[in-house]
Each structure stands twice: as C-alpha cells, then as structure tokens.
Amino acid sequence: MTSRTISRLSLPSWRLAGAPRAGRAASYSRLATVTLALWLLSTASPRMFGQSLGTSGTIQGSVFDPSGAVLIGAKVEIRNPVSGYDRSTTTDASGHFEFSNVPFNPYHLAVSATGFQDIAQDVPVRTSVPIDLKFTMQIATAATVVTVQGEAADLIEQTPTAHTDVDRTLIDRLPIGNQGIGLSEVIANTSPSVAADANGFFHPAGDHAQAQISLDNQPITDQYSKIFSNQLPLDAVQSLEIVTGAPQAEYGDKDSLVINAVSRSGIGDTTPHGSFSTQYGSFGTPATNFTLGTGGNKWGNFLAGYFTNSSRFLDTPEFGNFHDKGNGEGVFDRIDFNPTEKDTLHLNLQVSRSWFQIPNTYDQLAVTQDQHQQIRSINIAPGYTHLFGPSLLLSINPYVRIDHVQYFPGPDPFSDLPATLVQDRRLGVYGARVDLAYSKGIHNAKVGVQYKYNALTEGFGVGITDPTFNAVCVEASGNAVTDPSITNPNNCAAAGYQTNPAFLPGLLPFDLTRGGQLFDFHGRAAVRETALYAQDTITLHQWTLNVSLRRDFYNGLSYAVQTEPRVGVAYAVKPTNTVLRFSYGRFLETPYNENLVLSSATGAGGLATNVFGAFAAAPLQSGRRNQYNAGFEQAIGRWLVVDVDYYNKRTHNGYDFDVLFNTPLAFPISWNRSKLDGIGARVNLANYHGFTAYSVMGHNRARYFPPENGGVIFNNPVNTSVFRIDHDQAFQQVTHFQYQFPKRGPWIALTWNYQSGLVAGAVPDLASALALDGDQQAAIGFFCGSNVASLTNPITSCNVPYPQWGATRLAIPAPGTENDDTHPPRVAPRHLFDLGTGIDNIFHTDRFKVNLQFTVINLTNQEALYNFLSTFSGTHFVTPRVWQGQIKFVF
C-alpha cells in the first residue's frame, strides 16, 4: 500500500477535527456551569421551583389530643421492613406532619408522644394524590404498656404486578465497580430474572434490552448502559421500584423491566446536609462523589455529582486489559418549589460526559490500534402538578434528553483491525407526559397522554484493513490469499487458487487493502410516538384488580398502531399471609433508536444487497407482544417474605442488537418472532437483630425464530428454524448478606453472584474450536489432553476422545449432542463473591461524620467470560479482582 493510496483514505466530512485524547468537554463544562448557577439561584431565592409528585407519593396529616386540640411535637414514623425505608418527623405548631417524595409501597406508620398511647396504622402508597390522615391520641395510664412489633402482613403487598423495592439504605451497601454505571449494577444485583452481561448491560426476563426508566415521571426508554449513554449519578437516587411483571398502561415502548426511580429532594431540609467521598482502587481507579441538599418548607434543592477515572473502564476481550483507559463525570440537580398548597413546580437537570478507549485484543495491541469513544449527555425535565381537591391531581412533565456519541478510529487506518471505524451519532428526545390521577375509596385511577419526538442523526464509516477478512481467493489449505491484485473471483483458478466461498462482493469497494475506500453513510430520521392510556386499580377487601387500556401510535421509518388491553388480579389469603396474582398484557415493542437509520437502510435492501450482506427485507417494524404472568407472595413469620413469578411472552418481531467486531458499535435487528418464558423469585429477610439478607434468582428461556432483519451482520448467523439467543440462561442468582454490629459498630456484607452461562453459539463442536486462533482458544481455556492452548501455542488437531478435550470457560456440548434450540454451547458457570465492610461515624460526632468503607469485587479472582464471539455482543471477560477503599465526609 503506497502513501498515495493512504492519502485517499480521508475520514468522512462529519468527523470532528482532532480526536479527543482525554476528551474535550468545553461545551459541557458550560452546561455544568449553568447547572451550578441554577442551583445557586434556587438557594438564594426560594420562590422558584418545586416538587413533582409523579412517581412518588405524599403522606400528610394532623395529630390531636383527646380534647381535639392539636398536638405539637408528636413523633410520626413510616417504614417498610422489606425495602428498609425508614423516615420520621415531628408535628409542627399546627399539629401537622408531612412526608413527601415517598416511593410507592405499603408503609407501617406509627405515632408516639410522651404521656399518650401509641397509634399504628398501615398506609399503602400507590398514587401521587396526597394521602391525608388524622389521628386522635389517648392519654396513657400508669398501667399502659405499648408493644410495637412487626406483623407478617407488613411484609407482603396486595398487588397484581411483581416488583422489587430498593431503598437508599441498601444502595449504600452494595458493591459498585464503576460509578458511571452504578445504577445498572444495582438493578442487575437486586432484580429477579435479570441476566448480567458486560459493561453494566443486563438482559431482563429473556429480552435483550427491553427496559425503561421512569425518573420522577420522565420516561427514558432508550439504551442506558455505558456504551450508549451516561447514567444518573447513583447518589441522586432515593429509591427504585423494579417492575418485573406486566406493567400497567402508563408504561410503553420497552416493558420487560420498568424501573420507577425517585430522585432525592431537598424540600423540607431546613439544615443543609450532604456528603463528599473519595475512593481509590485497583487499575488506578480514583472516584469522587458529592451531594448537597438544602431547602425549606416550600422549596428544596438536591445536587449530586461524580468523577471517575480508570485504566479498566470497559470489560475486555482478554483477561488482561490493554488500551482500556477511560473517565466519566456527571452532575444532577433537582429543584423543587411549592408556591401554594395545591401547586408544585419541579426541575431535574443533568449533564454528563464519558470518554474511553476501546480495549484491544493481542492482535490489535501488536499493531497499536487506538480506537476510542466519547459520549455527552444532557437532560432537562421540568414538572408541574396541581391538586384539584383531595382526590384529583394533574401532572405535566415535559422533557428534553440528548445523547451525542462519537467513535474515533486510530490515526493510522491500517493500525485498526480488522476494520477502521468512525461514527458520529446524535439522539435527541423531546417529549411530554400529562396525566390526571384520581384516588378515592376503592379506586386509584389515572388517565393520560404521552408524546415523544425522537430526532435521529447518524454518520458512520467503515473500511476493511485486514486482507484476510474478506479474501477473494483461498489456498487449497483454506488459508486466505492476500494478493491485492486479485479482485475478481473468476480469476482465482487462473492464479492457482480457489474461490473463497465466504467472499462478500459488496464489501470489495470498501476493502482498503484492495484499493477500496471508506464506506460513508449519513442519515437522518424523525420518530414520533403518541400514547393514550387509562388505568384503574380497584381494591375491595382481599381483592385487587388492575384494569387498563393503552393506544400506541408509532410513526417513524415504519408505522404501527395498536390497542393494548391489560388486566391483573391479586387475592390476599389473610389467614396464611399469602397473595396470589395473575396478569395479562398486550404490548407494542418499538425499535431501538440507536443506529436505527442505518439498520433500517439495510432492511430496505440497499446495504443488505449491495454492501454488507446483512439478511434483511424491510425497515425495522414494531414488535407485537402478548404477555402472561402468574405468581404469589408469601410471608413466613414476621421476618421472611418469598415472591415467585412466572412469565410467558410471545412476540412477533423480537428485537436484538448486532455489534461490529468487538466494539461498542451496535445496530438494532429484529427476528421474525420470539418465545420467552421463565421464572423469577425473590427472598427477603427483614432486619433481624442487625442481620438482613435477600436473594434474587431467575430462569430465562429465550427462543428466537429467523429470518433476521436489519443490522450490519456480515453473514446470516443462524441456519436453523429456531435457536437460543445469547441472553438465554438456565439459572442466575444474587444473594446478599449484611450484618450491622451493635453500638455503632462496623458493618460487613457479602454478595454471592452465580450465573450458569449465557448461550455462546460460536463454538458448537471440536471442529469450530480447532478453527480458532491461539488467542481465542486461550480465552476459552481450550485443551486437548494435557495440551493447553495459548497465544503462541494454538491447537490445530486433537485426536483424544471426549471429555479429554474441552474448554474451562466454555461449555462445549459432547459430540453429537449439540442442538441450537435444546442443547446449545454456553459460557461456563461462574461463582463470583464480593465483600464489603465499613464503619459509619467513626468519631461518634453529631453534626459532622466520617465514614470508612472497603470493598473487594471478585474476591477469588475468578477468570470467567460474559460472552464469546457473540454476533450480538462480542467477547468480554468478567472483571478480575478489584479492591476499593473509600472515605466519606457527611454533614
């Protein structure tokens, strides 16, 4: 290749001048400055903004003495023994108390005052309409003895939808490997039926990525892992309700997992409070986190931010990490203002950025490949609520969310293997949600409308740099012929070679080793989504009935309209403290927005026929799903609760991603149909003398049926009528044990994570294992007798009987037993253990406190794979042993 040829390989015109080395964030620094200025302005002038009540509730009321006079200074406490949520306050000069920003859950409320008998009441919070209570306390006598203890009924919920509740108290104790994806790690570690994958990715209930986050009534349905976007700082989260059952009609788009997130608020915090923490860990990983909350009775502000840097930012294709530095930073600000008793104003602001290198394989390391990616995100979400009387609440929530993703090739295209890649993609989401909530008597109803405008802008370039990747001819031995002068398969025989049966003629114009040039794609699209919905939860004694209806309108590169009835029923068997439930839902699963324009271009036939060889026929269509759930919740004694849920989902047009090589560049695809079913279970132990524990587990069966549509897959990955996709896993579980020593002592926590192994279809037999190179064989731990493969010692033949050959990190089926549907190859099972310990308020002070924490992730340093040569996710190793030390200042 001459210098003249290289000079023609100019990058597409849309690439930014100069790839950032440590990341350029000047524009986002200005946004951060604006965020900080808004916070300062809000603290200086309390009459600006206010609190949203969209995804949380309010418990308020008054306390009186026997004569009817208000009781000042009475203590009011609410708690949920399963989630660990616990708050208390005292009545003011008018005898009034209020708990705002309360996550949806049932609570045990207790009122106490000196000289009066205690009062206790269970208060379920499932609506944003404020719950108003009145208590009259009776005079205590000398013989009065009040004993307050937990009841079994406090542990269970009479609801038709399975879900898991996660409170701030648990979030602070869980092991977090990367602050940039802390939210994903919490979800993966606390949710039944969720299979963990690389880079904070997780597969909910057999699906690839059909999950959404509802943050303070703002729906976020686009991809939220670290290779697509920047997440909310974990310190900004007050609580999570993770819905694994069939959700009600207010949720659409992506429905396999709905994360109802409530952010922390400063309203009512008359004394400023906050924290500052710094930590350091393995792979040169410093991290800094800070929070600051302040407010008054009518206003509040809560600010949270983080900065993290690491030499192992992404999960790697090798157990060692090469070319894997990265950093991320983000700021979140929540501003609340209640101008009147009936009106609230609310504003969420977030700005964040991440920059990271793309990890190299040994081959890429040898040629000094230097690809990297930058993501910049901004989120603005104001909100307004108005209370029409005691039972009717209007919520209005507009929002803007923008993700700008840039992928940069190395400075020398031929140092990128097997291709040089470049991308500049922007996803802008502009939407609004308006709903009217009604709560009175047995009814808890809501009607609403949602509108979302998705602006998609995509630029993409690729050029083949490896002469063996798409060779025109092969030798008799099967080795690729690298002669750049042969560009026509008809000339192979005359040159003494054979035609390569895998040759893709559509790639030849973009093969830089054979005189081609970069493929340069530009695309824009607008996707408009509208939804109307109505729902009612009817509670009548032991029965709870969910009845809802949704009408979706999807108008993008394809068009879809669907009416979606959803119904659920729960029955409480009170003598046994059991809840039985069943639900059905119809759902419209919309295409992923990330790289949708390019993927749909392949579907239209252009790239599919002429360029990449992707098997496609039409732009990506919306999926249509029927879902059934059945389960139960059982309280055992006063401390233990068990929840089990079975799901069955049938979808026409089941969604997935395909990736280019081992990069974060992913493209949506669909399969003709999918059948998903499985079981999720949760066991919670409430606080028993300082000891708490939970276990979540699941079995996910994911069967997909070709043909495939869309994406940029170079060759059809399956040749069967049905197959198990790579988010199918027989069993996974996460168990967390925690003990708090008494008398302000330390705490200790152990997390045990078991994954039986995702499907890994690239190595179904011995022949496919022998066809791997030495690096790939070493990655799976391939062996033949006493011969173990390594980078410099590939195994090219093996004549010993099974099971004297195999792989330590891959479960290859025995000869003659492999079946793509019933017995596919899988990643080998793995047990991972994380250990954490710490002590809070080590100096036993009242105002300013110091906490210490030490965490070890992958305590036994197990070498394990998430996946291997997956068309849909690539190859990634589990994080090696990582230790972290943290000091935290709290005031």
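This write-up is about the structure you can find in this document. The structure presented is a predicted model; accordingly, all values stated were derived computationally and were not measured. The residue count restarts for each chain, going from 1 along the sequence in the order it is written. Only residues with pLDDT of at least 70 are given local features in this predicted model, and only at 80 or more are side-chain atom pairs given and counted; all residues enter the totals for whole chains, interfaces and linings. Derived side-chain values reflect all non-hydrogen atoms in the structure, with water molecules and hydrogen atoms excluded from consideration.

Points about the environment of Gly115
Turning to step 1, where the next piece is worked out: Segments assigned H or I by DSSP are reported as helices when at least four residues long, segments assigned E as strands when at least two residues long, and all are numbered from the N terminus. If you trace the backbone, Gly115 turns up in the loop between strand S5 (105-112) and strand S6 (119-125).
Turning to step 2, where the next piece is worked out: When accessible area is computed with a 1.4 Å probe and restricted to protein chains, residues below 20% of their type maximum are described as buried, those above 50% as exposed, and intermediate ones as partly exposed. Of the residues examined, Gly115 reaches a relative accessible area of 43% and is grouped as partly exposed.
Turning to step 3, where the next piece is worked out: Each C-alpha atom of the pair Gly115 and Ala140 lies 5.4 Å from the other, and the pair is 25 residues apart in sequence.
Turning to step 4, where the next piece is worked out: Residue contacts are counted whenever heavy atoms from the two residues lie within 4.5 Å of one another. In contact with Gly115, not counting residues within four places along its chain, are Gln138, Ile139 and Ala140.

Regarding the state of the cysteines
Turning to step 1, where the next piece is worked out: By disulfide we mean two sulfur atoms from cysteines, separated by a distance within 2.5 Å. Scanning the model with the defined rule gives 2 disulfides in all.
Turning to step 2, where the next piece is worked out: A sulfur-sulfur distance of 1.9 Å marks the disulfide that ties Cys473 to Cys492. Its S-S torsion of approximately -85° makes the covalent link between Cys473 and Cys492 left-handed. A residue pair is termed long-range when its members are at least 10 positions apart, and Cys473 in strand S24 (residues 473-474) and Cys492 in the loop between S24 and strand S25 (498-499) qualify at 19 residues.
Turning to step 3, where the next piece is worked out: Between Cys784 and Cys798 runs a disulfide, and the two sulfur atoms are separated by 2.1 Å.

Observations concerning the nonpolar core
Turning to step 1, where the next piece is worked out: Here, nonpolar core means buried Ala, Val, Leu, Ile, Met, Phe, Trp, Tyr and Cys residues that are tied together by side-chain atoms lying within 4.5 Å of each other. If you look at the biggest cluster of nonpolar residues, it comprises 42 residues, and the most contacted ones within it are Leu421, Leu456, Phe460 and Phe667.
Turning to step 2, where the next piece is worked out: Only strand S20 (372-388), strand S21 (392-408), strand S22 (419-440), strand S23 (443-464), strand S26 (519-540), helix H6 (596-603), strand S31 (640-659) and strand S32 (666-688) provide two or more residues apiece to this core.
Turning to step 3, where the next piece is worked out: Counting residues in each nonpolar core, the second largest holds 31 residues, with Phe202, Ala236, Ala261 and Tyr694 among its members.

Brief notes about the sheet that holds strand S11 (residues 211-215)
Turning to step 1, where the next piece is worked out: A strand pair is defined by DSSP finding two or more bridges across the two strands. The 5 strands lie next to each other as S8-S13-S14-S11-S12, forming an open sheet whose pairing is mixed. Only two strands of the sheet have a single neighbouring strand rather than two, namely strand S8 (163-167) and strand S12 (218-220). Sheet twist, expressed as the mean angle between neighbouring strand axes with direction ignored, is 20°. Axes here refer to lines fitted to C-alpha atoms; in helices the fit is confined to the stretch in contact. Angles between the N-to-C directions go from 0 to 180 degrees.

What to know about unusual backbone geometry
Turning to step 1, where the next piece is worked out: With an omega of 10°, the peptide bond running from Pro706 to Pro707 counts as cis.
Turning to step 2, where the next piece is worked out: Summarising the element assignment, Pro707 is placed in strand S33 (residues 691-710).
Turning to step 3, where the next piece is worked out: Residue Tyr802 is joined to Pro803 through a cis peptide bond whose omega torsion reads 10°.
Turning to step 4, where the next piece is worked out: Mapped onto the fold, Pro803 is located in the loop between strand S38 (787-788) and strand S39 (805-807).
Turning to step 5, where the next piece is worked out: Notably, Ser193 is not glycine yet its phi reads approximately 65°, a positive angle.
Turning to step 6, where the next piece is worked out: Tracing the chain through its elements places Ser193 in the loop between helix H4 (182-190) and strand S9 (194-196).
Turning to step 7, where the next piece is worked out: Under the relative-accessibility criterion, Ser193 is labelled buried at 6%.
Turning to step 8, where the next piece is worked out: Phi angles above zero are rare outside glycine, and Asn858 is one such case at about 55°.
Turning to step 9, where the next piece is worked out: You can see Asn858 is positioned in the loop between strand S43 (849-857) and strand S44 (865-870).
Turning to step 10, where the next piece is worked out: Judged by relative accessible area, Asn858 falls into the buried class, the value being 2%.

Focus on the pairing of S20
Moving residue by residue along a regular strand, the side chains alternate between the two faces of the sheet.
Turning to step 1, where the next piece is worked out: Across the 17 residues of S20, 13 count as buried, placing the element largely inside the fold.
Turning to step 2, where the next piece is worked out: Pairing geometry for strand S19 (residues 343-357) and S20, over 15 bridges, is antiparallel. Bridged to Val351 within S20 is Ile378.
Turning to step 3, where the next piece is worked out: Inspection of the sheet shows S20 paired to S21 by 14 bridges, in the antiparallel sense. Bridged to Tyr384 within S21 is Ile396.
Turning to step 4, where the next piece is worked out: Hairpin connection of S20 to S21: 3 residues between the antiparallel strands, including Gly389 at a positive phi of 75°.

Some thoughts on the sheet that holds strand S7 (residues 131-136)
Strand pairing in a sheet is mediated by backbone hydrogen bonds. Such pairs are either parallel or antiparallel.
Turning to step 1, where the next piece is worked out: Spatial ordering of the open sheet is given by S4-S1-S7, a layout of 3 strands whose pairing is mixed. Among the strands making up the open sheet, the edge pair consists of strand S4 (96-103) and S7. Here the strands of the sheet are splayed against their neighbours by 20° on average, with no regard to which way each runs.
Turning to step 2, where the next piece is worked out: Summarising the sheet, strand S1 (residues 56-64) and S4 pair through 6 bridges and their orientation is antiparallel. Opposite Gln60, over in S4, you have Glu98 as the bridge partner.

Details of the packing of aromatic side chains
Turning to step 1, where the next piece is worked out: Aromatic rings from Phe, Tyr and Trp, taking only the six-membered ring of Trp, are treated as a pair when their centres fall within 6.5 Å; an angle between ring planes under 30 degrees marks them as stacked, one over 60 as edge-to-face, and anything in between as tilted. For the coordinates displayed, the defined rule picks out 23 aromatic pairs.
Turning to step 2, where the next piece is worked out: Relative to Tyr571, the ring of Trp543 has its centre 4.5 Å away and its plane inclined at 45°; by these criteria the two rings are tilted. One end of the pair, Trp543, is in strand S27 (residues 543-555); the other, Tyr571, is in strand S28 (residues 559-573), and 28 residues separate them in sequence.
Turning to step 3, where the next piece is worked out: What makes Trp543 partly exposed here is its relative accessible area of 48%.
Turning to step 4, where the next piece is worked out: Measuring from ring centre to ring centre gives 6.5 Å for Phe691 and Phe737, while their planes differ by 25°; the resulting arrangement is stacked. Here Phe737 lies in strand S35 (residues 729-740) and Phe691 lies in strand S33, a separation of 46 residues in the sequence.
Turning to step 5, where the next piece is worked out: Under the relative-accessibility criterion, Phe691 is labelled partly exposed at 31%.
Turning to step 6, where the next piece is worked out: One aromatic cluster is present, built from ring pairs that chain together Phe228, Tyr592, Tyr655 and Phe657.
Turning to step 7, where the next piece is worked out: Two conditions define a charge sitting above a ring: the NZ of Lys or the CZ of Arg must be within 6 Å of the ring centre, and it must be within 35 degrees of the ring normal. One cation-aromatic arrangement involves Lys649 over Tyr647; the distance from NZ or CZ to the ring centre is 5.1 Å.

Things to note about a nonpolar patch on the surface
Turning to step 1, where the next piece is worked out: Taken together, Tyr280, Phe854 and Trp883 make up a surface patch of nonpolar side chains, about 330 Å² in accessible area.
Turning to step 2, where the next piece is worked out: Within the secondary structure, Phe854 is located in strand S43. Patches were defined on residues exceeding 30% relative accessible area and lacking a salt bridge, with like-charge contacts within 9 Å and nonpolar side-chain contacts (Val, Leu, Ile, Met, Phe, Trp, Tyr) within 5 Å. What sets the accessible areas is the Shrake-Rupley method with a 1.4 Å probe; for residues, cover comes only from the shown protein chains. Salt-bridge detection follows one rule: a side-chain nitrogen of Lys or Arg within 4 Å of a carboxyl oxygen of Asp or Glu.

Looking at empty space enclosed by the protein
Turning to step 1, where the next piece is worked out: Cavity and pocket criteria rest on a 1 Å grid covering protein atoms alone: a 1.4 Å probe that fits but cannot get out defines a cavity, protein on both sides within 12 Å along at least 5 of 7 lines defines an open pocket, and an atom within 4 Å of a point defines a lining residue. Grid points are joined across faces, edges and corners, and a volume is the space filled by probe spheres set on the points. One pass over the structure, following the stated rule, counts 18 cavities of 30 Å³ or more.
Turning to step 2, where the next piece is worked out: The space that makes up the largest cavity amounts to roughly 690 Å³.
Turning to step 3, where the next piece is worked out: In terms of lining, the largest cavity is formed by 39 residues, of which the most central are Gly177, Glu185, Ile857, Tyr866 and Thr879.
Turning to step 4, where the next piece is worked out: Looking at the lining of the largest cavity, the element that brings in the most residues is H4, giving 4 residues.
Turning to step 5, where the next piece is worked out: Taken together, the residues that form the lining of the largest cavity break down as 14 nonpolar, 18 polar and 7 charged.
Turning to step 6, where the next piece is worked out: In this model, the second largest cavity occupies a volume close to 250 Å³.
Turning to step 7, where the next piece is worked out: Amino acids outside the nonpolar list (Ala, Val, Leu, Ile, Met, Phe, Trp, Tyr, Cys, Pro) and the charged list (Asp, Glu, Lys, Arg) are all regarded as polar, and Gly is one of them. Among the residues forming the lining of the second largest cavity, the class breakdown is 12 nonpolar, 8 polar and 2 charged.

Things to note about the pattern of salt bridges
Turning to step 1, where the next piece is worked out: Within this structure, the stated rule accounts for 31 salt bridges.
Turning to step 2, where the next piece is worked out: Asp435 is the salt-bridge partner of Arg433, the closest N and O atoms lying 3.0 Å from each other.
Turning to step 3, where the next piece is worked out: The buried category is assigned to Asp435, whose relative accessible area is 2%.
Turning to step 4, where the next piece is worked out: Each of Arg581, Glu633, Asp643, Asp645 and Arg682 takes part in salt bridges that share partners, so that together they form one network.

What about the environment of Pro339?
Turning to step 1, where the next piece is worked out: Locating Pro339 in the fold gives a position in the loop between strand S18 (326-337) and S19.
Turning to step 2, where the next piece is worked out: The spatial distance from the C-alpha of Pro339 to the C-alpha of Trp299 is 8.4 Å, given a sequence separation of 40 residues.

Digging into the pairing of S31
Turning to step 1, where the next piece is worked out: Of all 20 residues in S31, 15 are buried, a share of seventy percent or more.
Turning to step 2, where the next piece is worked out: As paired strands, strand S30 (residues 623-636) and S31 are joined by 13 bridges and run antiparallel to one another. Pairing of Phe632 across the sheet is with Val644, part of S31.
Turning to step 3, where the next piece is worked out: Taking the residues that link successive antiparallel strands as the turn, the S30-S31 hairpin has 3 residues, and the phi of Gly637 there is positive, at about 65°.

Spatial relationships are all this shows, so hold off on functional conclusions.
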